[in-house]
Structure formats: C-alpha cells, structure tokens
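# Topology and contacts: notes
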Amino acid sequence: MPGTTLASIPHYVPAPPTNEDLEWADLPVIDISKASTPEGRAELAPQVRDAMRTHGFLYVVNHGYDRTKNERIFDIADLPFAQVPEDEKKLYAGNIKQTGSYRGYKLRQYWHIGNGVHDQLEHYNLHRAITGDQKHPKALQPVLPEIRAFAEHNHYNVLHPLLRLLALGMELPEEAFVNIHGFDSRGETYVRFMKYYPRTEEEESKTNNVWLKGHTDFGTITILWSQPVSALQILSPDGKWRWIRHIENALVVNAGDAMEFLSGGFYKATIHRVVQPPADQRGYTRVGAFYFAMTDDDVKLVPFAESPALQRAGIVRKCADADAPTMEQWRKGRTSAYGQSELKRKDEVVEEEVINGVVVKHYN
C-alpha cells in the first residue's frame with residue numbers, strides 16, 4: 001500500500017468461524033503465485049479450466065496480501081457503514097434503477113427478497129479509478145489511496161493472471177481476455193464493500209432463511225475476499241446447495257454471465273445465494289470486500305469461436321451473435337432490474353425475467 005503512515009481507523013472485529021458441521025462445497029485451491037512463470041501457468045491452466053467448467057467457483061491463495069493487509073482491508077470495508085451517518089449515506093446513494101450503475105450506496109431494503117420482505121444489507125461501490133468523477137463520503141477520504149491500491153492489486157495481481165489461465169484453458173492466446181479488461185478503459189469494474197445485518201425471526205420465516213436469492217453475477221469474474229461468517233452457498237452440479245468454507249486470507253473466485261457469453265458456455269456462471277448463517281454466528285454482522293470485473297463497455301458478448309477447445313466442446317449461445325448485448329448493455333439491464341422487476345414463476349424453485357432478450361433465472 002502507498003506510503004508508510006496509514007490513516008488511523010477503527011478495527012473491525014469479525015465473528016469467529018463457525019464450529020458447525022456444514023455440507024461444504026469441495027472447491028479447488030489455486031496458488032496464483034505460480035502464474036508468474038510459463039511453467040506455472042501450464043500447470044495451473046488445466047486446474048482453473050476444470051474448476052470453472054465443473055463448479056464455476058474456486059479459491060485463490062498466495063495472492064500477494066499478507067494477513068495484516070487483509071485485516072486492514074476489512075477495517076476499511078466497514079468504514080462506509082459504521083463511520084458514515086445515515087443522512088450522509090443518502091447523499092451518496094446510487095440512482096440504480098435509472099442509471100443501471102451501482103456506484104455509491106445501495107441502501108438497506110432496496111431489494112425485494114420475497115413475501116413482502118426486503119433486504120437487510122447495504123453496500124458501497126467505488127469505480128476502480130476511485131478518485132475520478134465519483135465523490136465519496138468524508139470517512140473514506142483518508143483511505144482512498146489504499147482503496148486505489150486494493151483495486152490495482154485485484155486487477156493486475158489476481159484478475160489478469162486468472163484471465164490468462166482461462167484463455168489458456170480454451171487454447172486461446174494468453175492475452176485474449178486480458179486485452180478486453182483494461183484498467184483505464186471505459187467500463188464499470190468496481191470495488192464493493194458490503195455489510196449484512198441480522199434479521200428478525202419473522203423475516204427469516206417469510207423468506208425460508210434466504211437473504212439473497214440464487215443468482216449469477218453479470219460480469220466476467222468476481223473476486224470475494226474470504227471472511228468468516230458462513231452464509232454463501234452455491235448450487236452444485238448435483239443440484240444441491242453447498243456452503244462456501246472460509247479460508248483465512250484466501251479469495252473466493254467465480255465466473256459470471258459475461259464470461260459464460262464470451263466462452264460460449266465453456267465456463268459456467270454458477271448460481272449462488274446468501275442464507276442465514278449457522279446458529280453460532282447469528283447476531284453478528286457480515287462485512288465483505290469484493291472486486292467485480294467486467295470487460296470494457298464496448299465489448300460485444302459473443303463467443304471466442306476460434307477456440308479449439310470450444311469447437312470440440314460445442315458452442316452454447318444465450319442468443320444469436322447478431323443480438324448479443326455489449327457489456328454496457330448487459331450490466332445496465334441486469335443492474336436496473338435486479339430486486340426491482342416482476343419475476344415470472346416457472347416452478348416452486350425457479351423464477352425468470354428477460355434481460356436484453358436473454359432469460360435470466362433466479363432460485364429460491
């Protein structure tokens with residue numbers, strides 16, 4: 001991080017890890033430090049390829065931040081919520097439905113979860129440039145250089161190596177995906193800090209303990225910094241919901257819609273949801289730090305059909321190439337609609353909506 005003297009801020013104390021015996025997802029662990037050499041990339045590429053084709057999720061370790069830097073990020077992540085007054089939060093609230101952008105705050109109870117119950121989470125989203133045309137609350141001003149360094153670390157030390165491995169997995173040139181994920185290009189890749197708050201028993205009952213319905217992310221790659229409150233579940237290939245286990249100072253990485261578009265279905269955007277934590281973690285808040293990656297805005301989300309691996313596997317398109325949205329069109333459509341649109345119930349589990357001519361599923 002820049003400089004030698006860091007701003008003094010409160011320390012966020014997270015919940016202890018759960019002791020409950022949950023049904024954990026068995027995800028591969030990728031040592032991303034090996035991706036710095038051609039030999040390491042050749043070793044990791046098949047592992048990442050298979051993980052993203054089978055699970056759509058994996059862990060990353062040895063990413064360059066030690067435990068002290070990790071704890072500092074979570075101290076910073078709590079600032080927009082614990083150190084910003086409610087009136088000031090409203091001044092920086094995003095106009096999400098109208099703009100199709102999450103920049104600024106998403107305040108609590110914006111999304112409808114089910115049966116009249118709205119969410120109990122808030123998040124603050126910063127465009128990766130951090131100090132561009134987006135203004136930020138007073139409490140964040142002293143740490144903006146650190147957040148910028150965090151964004152660059154995610155982009156260059158985690159995202160780009162993963163994109164190279166994903167390209168190699170499809171037998172594409174290493175830079176095929178990197179070239180459409182420019183840090184300084186026009187696009188909406190952003191840092192997100194998020195905080196979940198405990199809910200009432202009535203809210204839990206009305207929503208079957210679901211805090212955030214099953215969904216896919218709309219970008220290419222999501223990087224979640226692992227934290228101890230167990231609540232994230234993924235829909236496994238066998239149709240069962242399984243929990244994501246906390247690994248200290250690891251990253252939880254998943255593919256989103258845009259990567260599934262670009263890979264012609266070679267890589268999967270896996271359904272995931274957030275549910276009530278196990279009994280020994282209830283009553284705690286759950287603070288998260290994320291990096292949501294998207295391609296440059298003008299990239300048309302059509303398959304890399306020249307991929308030999310994709311040609312062998314067979315291309316699965318969400319829509320005809322001529323009708324495929326750009327990244328900007330897709331992110332705006334998904335962002336504006338999420339938690340606000342009327343969903344069409346397909347059965348007891350699945351609800352659907354149509355975004356840019358593509359069917360998007362939500363799972364209860």
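Residues numbered from 1 in each chain as written. Predicted model: local features only at pLDDT ≥ 70, side-chain atom pairs only at ≥ 80, totals over all residues. Heavy atoms only, no water.

## A look at the pairing of strand E9 (residues 221-225)
The test is simple: Only protein chains enter the accessibility calculation, which uses a 1.4 Å probe. A residue is then buried if its area is under 20% of the maximum for its type, exposed if over 50%, and partly exposed in between. Strands here are runs of E lasting at least two residues and helices are runs of H or I lasting at least four, both read from the DSSP assignment and numbered beginning at the N terminus. If DSSP finds at least two bridges between two strands, the strands pair.
Buried residues dominate E9, accounting for 5 of its 5 residues. Side chains Ile221, Ile223 and Trp225 of E9 all project onto a buried face; the interleaved residues Thr222 and Leu224 project onto the opposite face, where all are buried too. Note that E9 and strand E12 (residues 251-255) share 5 bridges and pair antiparallel. The residue of E12 that forms the bridge with tryptophan 225 is leucine 251. The pairing of E9 with strand E14 (residues 286-293) spans 4 bridges and is classified as antiparallel. Opposite isoleucine 223, over in E14, you have tyrosine 291 as the bridge partner.

## Digging into the nonpolar core
Generally speaking, nonpolar side chains in soluble globular proteins are found buried as a group. Inclusion rule: Joining through side-chain atoms within 4.5 Å is the link that ties buried Ala, Val, Leu, Ile, Met, Phe, Trp, Tyr and Cys residues into a set, and such a set is a nonpolar core.
Counting 95 residues, the largest nonpolar core has Ile147, Phe177, Phe193 and Ile221 as its most contacted members. Residues Trp24, Val210, Trp243 and Val275 belong to the second largest nonpolar core, which totals 5 residues.

## Observations concerning the packing of helix H1 (residues 38-54) against helix H5 (residues 144-169)
Heads up, the condition is: Convention adopted: a line fitted to C-alpha atoms gives each axis, helices being fitted over their contacting stretch, and angles between N-to-C directions are expressed from 0 to 180 degrees. For this classification, under 35 degrees means roughly parallel, over 145 means roughly antiparallel, 65 to 115 means roughly perpendicular, and everything else is oblique. Residues are treated as being in contact if the distance between any of their heavy atoms lies within 4.5 Å.
Two elements in contact, H1 and H5, have axes whose closest approach is 8 Å; the angle formed by their N-to-C orientations is 80 degrees. Considering the angle they form, H1 stands roughly perpendicular to H5. Counted together, Arg41, Leu44, Ala45, Val48, Arg49 and Met52 of H1 and Leu165, Leu166, Leu168 and Gly169 of H5 form the full contact between these two elements.

## Examining the pattern of salt bridges
Quick note on the threshold: We count a salt bridge whenever a side-chain nitrogen from Lys or Arg sits within 4 Å of a carboxyl oxygen from Asp or Glu.
All told, the structure shown has 26 salt bridges when counted by the stated rule. The partner of lysine 206 in a salt bridge is glutamate 202, and the shortest N-O contact between them spans 3.2 Å. Of this pair, lysine 206 and glutamate 202 both sit in helix H6 (residues 201-206), separated by 4 residues, roughly a single helical turn. For lysine 206, a relative accessible area of 38% translates into the label partly exposed. On the basis of relative accessible area, glutamate 202 is assigned to the exposed category, the value being 53%. Of the charged contacts in the structure, one is a salt bridge between arginine 242 and aspartate 238, with a shortest N-O distance of 2.9 Å. Judged by its relative accessible area of 15%, arginine 242 is buried.

## A few points about unusual backbone geometry
Comment: phi is negative for the bulk of residues other than glycine, and the bulk of peptide bonds are trans. Positive phi outside glycine occurs at glutamate 171, with the angle close to 60 degrees. For glutamate 171, the position within the fold is in the loop between H5 and strand E7 (190-196). Looking at glutamate 171, the relative accessible area reads 39%, which means it is partly exposed. Unusually for a residue other than glycine, asparagine 209 sits at a positive phi of about 70 degrees. Tracing the backbone through its elements, the reader meets asparagine 209 in the loop between H6 and strand E8 (210-215).

## A closer look at the side chain of histidine 153
In plain terms, the rule: Any N or O atom pair separated by 3.5 Å or less is treated as a polar contact, with the protein-specific requirement of one donor-capable and one acceptor-capable atom, and with residues adjacent in sequence counted only for side-chain atom pairs.
Within the element layout of this structure, histidine 153 appears in helix H5. Given a relative accessible area of 6%, histidine 153 falls into the buried group. Polar side-chain contacts of histidine 153 include one of 2.9 Å to the side chain of asparagine 157. Here histidine 153 is in contact with His63, Gly64, Tyr65, Val158 and Trp225, once residues within four sequence places are set aside.

## Some words on the sheet that holds strand E1 (residues 29-31)
In spatial order, the strands read E1-E2-E12-E9-E14-E7-E6-E3; together these 8 strands make up an open sheet with mixed pairing. Across the chains shown, the open sheet's two edge strands, defined by having one partner strand only, are E1 and strand E3 (104-106). Neighbour-to-neighbour, the strand axes of the sheet open up by a mean angle of 25 degrees, direction not taken into account. Judged from the 4 bridges that link them, strand E2 (residues 57-61) and E12 form a sheet pairing that is antiparallel. Bridge assignment links valine 60 to a residue of E12, and that residue is leucine 251. Where H1 meets the sheet, its contacts fall on E1, E2, E9 and E12, and the angle it forms with E2 comes to roughly 145 degrees. The strands touched by H5 within the sheet are E2, strand E6 (121-127), E7, E9, E12 and E14, with E9 carrying the most contacts at an inclination of about 125 degrees.

## A closer look at the packing of aromatic side chains
For the record, the criterion: Note on aromatic pairs: the rings of Phe, Tyr and Trp (six-membered ring only in Trp) are paired at centre separations within 6.5 Å, and the planes decide the class, stacked below 30 degrees, edge-to-face beyond 60, tilted for the rest. Geometrically, a lysine NZ or arginine CZ counts as sitting over a ring once it is within 6 Å of the ring centre and also within 35 degrees of the ring normal.
For the structure shown, the criterion picks out 13 aromatic pairs. Members of the aromatic cluster, each reached through a chain of ring pairs, are Tyr65, Phe150, Phe193 and Trp225. Across the ring face of tryptophan 111, the terminal group of lysine 106 is positioned such that the distance to the ring centre comes to 4.8 Å.

## What to know about the environment of threonine 37
Note that threonine 37 resides in the loop between E1 and H1. Through-space distance from the C-alpha of threonine 37 to that of arginine 242 is 34 Å; in sequence the pair is 205 residues apart.

## A word on the UniProt feature "domain: Fe2OG dioxygenase" (unreviewed entry) in the protein
Selection rule: UniProt positions are given in the numbering used here, feature names are shortened, and annotations may be inferred rather than shown by experiment.
The positions that UniProt labels "domain: Fe2OG dioxygenase" (unreviewed entry) are, in the present scheme, residues 187-295. From the first C-alpha to the last, residues 187-295 spans 7 Å; its make-up is 11% helix and 39% strand.

## Quick word on the pairing of E6
The side chains of a regular strand alternate, first on one face of the sheet and then on the other. Burial within E6 is extensive, with 7 of its 7 residues counted as buried. Burial along E6 is two-sided: Leu121, His123, Asn125 and His127 and Glu122, Tyr124 and Leu126, pointing in opposite directions, are all buried. Here E3 pairs with E6 via 3 bridges, running antiparallel. Bridge pairing in E6 links tyrosine 105 to tyrosine 124. Relative to E7, E6 runs antiparallel, the two sharing 7 bridges. Bridge assignment links glutamate 122 to a residue of E7, and that residue is lysine 195.

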